[in-house]
Amino acid sequence: MAVNVTPGLEIPEPSDYSSCEDDHDVTYFTDLHQPDNNLPEPARTIDKLLKNHVDSAWEVISKQEKIEKDAQSPRQFPVLNATKEMKLPARTNCIVCSEDGLYLFLGHAHGLSVISTSTLTCVKTWQNERVELTSISFASLGNVTHLLCTVDDMGIARLFVHHMENIYLIKIINETEDINQRNICAKFEVSRRGDFGAAVMMSSDSVWLDVYRFPQDVWFKELETKQATQSPWATEAKLSPIVLLMKIKPPEIPAGTSLKSPSEVLQKTEEGTIIGSGQNHLISSQQWENQDVAFRKMFVKYLSSSSMRPSQQKAEVPSNCTCHFLLHEGFYSIPGEMKAAKDIPIAMCLWWNGSHNLLQYLLLKKDKDSEPRPDVLWPSSQEILCSAVSACTRFIVLGLDGQLVTIWDRRFGCPFANIVIPGDSAICRMKLLLQSQLSVTHLLQGPFLPTLQLVLTCRSGECYSVTASRGEDTCTVPLIERPADPSSSVSVAVPVPFLKCLVLLMQRNGQVSIWEMEDGAPMFILNLPHTHVLSSLREPVYVLEPIQQNLYITGNRKTPLAKVTDRGEDESSLFIFSFSECSLMDLYRVKTPAVAEKDTRATLSGLEEACNFYFQERADSWKERNRNLPFQWEQLPKHVIK
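Residues numbered from 1 in each chain as written. Predicted model: local features only at pLDDT ≥ 70, side-chain atom pairs only at ≥ 80, totals over all residues. Heavy atoms only, no water.

(A) Highlighting the overall build of the protein chain. Within the protein chain one finds 8 helices and 34 strands. The buried share of the protein chain, reckoned over its 642 residues, is 41%. Taking the intrachain contacts of the protein chain between residues at least 6 apart in sequence as the baseline, contacts between residues at least 24 apart amount to 52%. Surface summary for the protein chain: the accessible area is close to 37000 Å², and the carbon and sulfur share equals 54%. (Helix = DSSP H or I, 4+ residues; strand = E, 2+ residues; numbered from the N terminus. Buried < 20%, exposed > 50% of the residue type's maximum accessible area, 1.4 Å probe, protein only. Contact = heavy atoms within 4.5 Å. Areas by Shrake-Rupley, 256 points an atom, 1.4 Å probe, with all protein chains shown as cover.)

What follows is the structure in structure tokens.
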């Protein structure tokens with residue numbers, strides 16, 4: 001077969017580009033992995049977009065890897081070392097500081113010691129070889145006089161007074177001739193100015209709270225007389241006796257009533273019994289029994305065999321009580337109230353272990369009841385686990401079971417905020433920041449719309465910072481998440497009173513640090529000498545002193561256990577961290593702690609002035625409240641109980 005070939009036409013090889021330089025429509029590839037740039041315009045555009053996407057993705061991946069690498073690598077933080085050290089008596093269990101910052105009071109295995117902060121020397125000691133103090137509650141009476149309420153390891157409560165660098169034992173609260181008849185004191189606390197005291201007492205089958213009134217004015221005169229006539233080495237002083245105001249017992253479980261009509265219930269209520277306490281009702285004994293039978297029949301699969309017994313079991317007695325002294329607050333007048341100074345408590349609130357209710361009792365009643373009854377009841381949806389009170393005592397914060405936090409506003413008698421903490425661990429401790437410790441004052445913040453900041457610690461070791469305002473969203477910042485190692489759990493989380501938005505954290509592994517609450521990041525590391533560790537990792541012994549801006553913390557020398565046992569005592573030291581000498585903390589300093597609370601209470605002296613403040617702030621905040629209203633309506637169906 002004949003083939004016609006045009007003479008002079010040469011077909012180039014696939015790898016030869018020389019013969020087709022002028023032909024832009026034809027391209028040959030020599031390497032499939034390295035395509036030529038002479039691609040059509042659409043192909044080159046797609047190729048460029050793909051390269052940009054790949055580069056962007058690679059940049060994001062590189063940044064993420066760098067962040068993870070930085071998180072895994074140890075971060076470098078400024079380190080603050082102890083400036084001074086002082087030797088301590090054996091087994092120093094508690095420490096408090098005077099309000100003026102001049103004295104430290106130490107409770108140890110051999111009694112009570114007074115330390116001068118200026119010279120770090122012991123100026124006075126009350127010594128008893130058989131007494132080991134475990135807790136101290138402190139109050140400043142003025143004129144270089146301090147009141148100390150102590151409890152020792154045997155449950156004996158003692159009342160001391162420190163006057164002109166002398167210590168006098170005033171009274172042993174639960175002293176008895178027969179030691180077998182002695183009641184055990186679990187807690188002994190005093191109000192801020194030393195006007196009142198409260199002691200939680202326990203016997204073999206009951207627990208109660210004794211509330212005392214201390215005659216300060218009479219004590220001052222008697223102390224001045226004794227100072228001039230008594231020997232400076234005297235350790236006891238017979239002063240005027242304290243007054244027992246009331247003996248508060250846990251509320252009884254409601255039983256069947258003998259009242260037959262609602263009118264009888266109202267008559268009982270008018271006698272002073274508050275609604276909600278369960279003291280007066282129309283539920284008969286037969287109704288209680290029928291309700292118990294129905295409950296056991298419905299949940300028979302979930303009840304243990306011991307709880308299925310129909311016998312009448314005695315209710316479990318509460319094991320402890322937590323109380324707080326309250327100053328005058330609110331726009332209402334209290335019946336029977338006596339005139340009181342601004343710094344003298346007019347009431348106290350308390351809750352019993354296992355209870356859902358916070359009870360309030362008046363302290364300045366003219367007519368004393370034979371059986372003290374609460375004047376106000378603050379109900380809660382869950383069991384109360386812990387509590388805290390603001391410096392002005394306007395706000396009461398309750399940590400409830402189920403990771404709930406309720407803030408009560410005593411000024412209006414209603415909840416200020418309800419907060420749900422993430423996680424599943426119970427709240428065990430909480431602290432409130434002072435208004436002067438907040439970083440920036442909110443635009444709408446005032447006497448009626450303050451911003452509160454809390455530090456919460458959970459049993460599993462987490463620590464959270466919570467910011468709450470009325471009518472606004474709450475902000476919860478985790479400072480320390482639940483640690484995988486229990487030794488990293490938080491044992492102490494307390495705001496630093498002289499630094500804005502900074503909190504002191506102590507962990508069970510011995511690490512002490514200062515954290516920023518809003519960002520949840522550590523700021524400084526506090527280092528003890530390498531020869532010492534914290535005296536107690538679970539309950540460190542420390543005190544923050546706001547006047548000189550010092551942290552006093554106890555530490556034990558790292559000594560083998562055998563040597564400590566041979567000597568019978570440990571080597572303890574008191575370490576002082578001076579924040580005033582650290583220039584890195586100048587941006588966080590608070591000029592005068594607690595000024596905001598005092599000013600707030602002073603400006604609202606009368607009802608008319610308080611109403612004017614309230615209406616003015618309501619007028620200023622209507623835009624903000626209207627902006628939050630749709631969100632609140634949107635959240636309401638999501639949290640409805642079905």
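Moving on from the model shown.
(B) View of helix H8 (residues 622–638). Helix length check: H8, at 17 residues, gives a terminal C-alpha distance of 25 Å against a target of 24 Å (1.5 Å per residue), a fit within 8%. Maximal helix bending in H8 amounts to about 30°, located at Leu-629; proline Pro-630 follows within four positions. (Expected span 1.5 Å × (residues − 1). Bend = angle between axes of the 7 residues up to and from the residue.)

(C) Inspection of the sheet that holds strand E16 (residues 347–352) at higher detail. If you trace the 4 strands from one edge of the open sheet to the other, you get E15-E16-E17-E18, paired in antiparallel fashion. Both outer strands of the open sheet, strand E15 (321–326) and strand E18 (376–379), are each paired with one neighbouring strand and no more. Along the sheet, successive strands turn relative to each other by an average axial angle of 20°, direction set aside. (Pairing = 2+ DSSP bridges. Axes fitted to C-alpha atoms, helices over the stretch in contact; angles between N-to-C directions.)

(D) Molecular detail of the sheet that holds strand E24 (residues 451–458). Taken together, 4 strands build an open sheet; the order of strands is E23-E24-E25-E26 and the sheet is antiparallel. Among the strands making up the open sheet, the edge pair consists of strand E23 (427–432) and strand E26 (475–480). Sheet twist, expressed as the mean angle between neighbouring strand axes with direction ignored, is 25°. Here E23 runs beside E24; their pairing, made up of 5 bridges, is antiparallel. Counted as the bridge partner of Leu-432 is Leu-454 from E24.

(E) View of unusual backbone geometry. Phi at Arg-91 takes a positive value of approximately 50°, unusual for a residue other than glycine. Of note, Arg-91 is situated in the loop between strand E2 (84–87) and strand E3 (94–97). Positive phi is not limited to glycine here, since Cys-501 has a value of about 55°. Looking at the secondary structure, you find Cys-501 in the loop between strand E27 (490–495) and strand E28 (502–507).

(F) Geometry of the pairing of strand E21 (residues 404–409). Within E21, 5 of the 6 residues are buried, which leaves it mostly tucked inside the rest of the structure. Where strand E20 (residues 395–400) and E21 come together, 6 bridges link them in antiparallel fashion. The residue of E21 that forms the bridge with Leu-400 is Leu-404. Linking E20 to E21, which pair antiparallel, is a turn of 3 residues; within it Gly-402 sits at a positive phi near 85°. As defined by bridge partners, E21 adjoins strand E22 (residues 414–420) across 6 bridges and the pair is classed as antiparallel. Note that in E22 the partner of Ile-407 across the bridge is Ala-417. From the end of E21 to the start of E22, which pair antiparallel, there are 4 residues, and Gly-413 there has a positive phi angle of about 70°.

(G) Examining the side chain of Ser-573 more closely. Position of Ser-573 relative to the elements: it lies in strand E34 (residues 572–578). Of the residues examined, Ser-573 reaches a relative accessible area of 1% and is grouped as buried. A polar side-chain atom of Ser-573 sits 3.0 Å from a polar atom in the side chain of Glu-85. Leave out the neighbours within four places in its chain, and Ser-573 touches Glu-85, Met-86, Lys-87, Leu-88, His-532, Ile-553, Thr-554 and Gly-555. (Polar contact = N/O pair within 3.5 Å; in protein donor to acceptor, adjacent residues only side chain to side chain.)

(H) Region of interest: the packing of aromatic side chains. Throughout the structure, instances matching the rule amount to 6 aromatic pairs. Here the aromatic rings of Phe-214 and Trp-219 are separated by 5.8 Å at their centres, their planes lie at 25°, and the arrangement is stacked. Residue classification places Phe-214 among the buried residues on the basis of a relative accessible area of 2%. Between Phe-498 and Phe-579, the aromatic rings sit 5.6 Å apart at their centres with planes inclined by 55°, giving tilted as the arrangement. With a gap of 81 residues between them, Phe-498 in the loop between E27 and E28 and Phe-579 in the loop between E34 and helix H6 (595–603) connect regions that are remote in the sequence. For Phe-498, a relative accessible area of 0% corresponds to the buried category. (Phe/Tyr/Trp six-rings, centres within 6.5 Å; stacked < 30°, edge-to-face > 60°.)

(I) Focus on the pattern of salt bridges. The full count for this structure, using the stated rule, is 11 salt bridges. With a closest N to O distance of 3.6 Å, Asp-47 and Lys-51 form a salt bridge. With Asp-47 and Lys-51 both in helix H1 (residues 41–72) and 4 residues apart, this pair spans about one turn of that helix. One salt bridge in this structure joins Arg-394 and Asp-409, with 2.9 Å as the shortest N-O distance. Of the two residues, Arg-394 is situated in the loop between strand E19 (384–389) and E20 and Asp-409 in strand E21; the sequence distance between them amounts to 15 residues. For Arg-394, a relative accessible area of 2% corresponds to the buried category. (Salt bridge = Lys/Arg side-chain N within 4 Å of Asp/Glu carboxyl O.)

(J) Region of interest: the nonpolar core. Core analysis: the largest hydrophobic core is formed by 25 residues, its most contacted members being Leu-147, Leu-159, Phe-188, Phe-214 and Trp-219. The contact partners of Phe-188, leaving out residues within four places of it in the chain, are Ser-137, Cys-149, Thr-150, Val-151, Ala-157, Arg-158, Leu-159, Ile-173, Ala-198 and Ala-199. (Core = buried A, V, L, I, M, F, W, Y, C linked by side-chain atoms within 4.5 Å.)

(K) A look at a nonpolar patch on the surface. A cluster of nonpolar side chains, namely Phe-295, Met-298 and Phe-299, defines an oily patch on the protein surface of about 320 Å² accessible area. Counting through the fold element by element, Phe-295 comes out in helix H4 (residues 285–298). For Phe-295, a relative accessible area of 44% puts it in the partly exposed group. (Patch = residues over 30% accessible without salt bridge, like charges linked within 9 Å, V, L, I, M, F, W, Y side chains within 5 Å.)

(L) The arrangement of the side chain of Gln-403 in detail. With respect to the helices and strands, Gln-403 occurs in the loop between E20 and E21. Taking the relative accessible area as the measure of exposure, Gln-403 reaches 15% and is therefore buried. A distance of 3.4 Å separates a polar side-chain atom of Gln-403 from the backbone oxygen of Asp-424. One polar contact links the side chain of Gln-403 to the main-chain carbonyl oxygen of Ser-425, over a distance of 3.4 Å. Setting aside chain neighbours within four positions, we find Gln-403 in contact with Ile-419, Val-420, Ile-421, Gly-423, Asp-424, Ser-425, Ala-426 and Ile-427.

Function-wise, these values are silent; they only describe arrangement.
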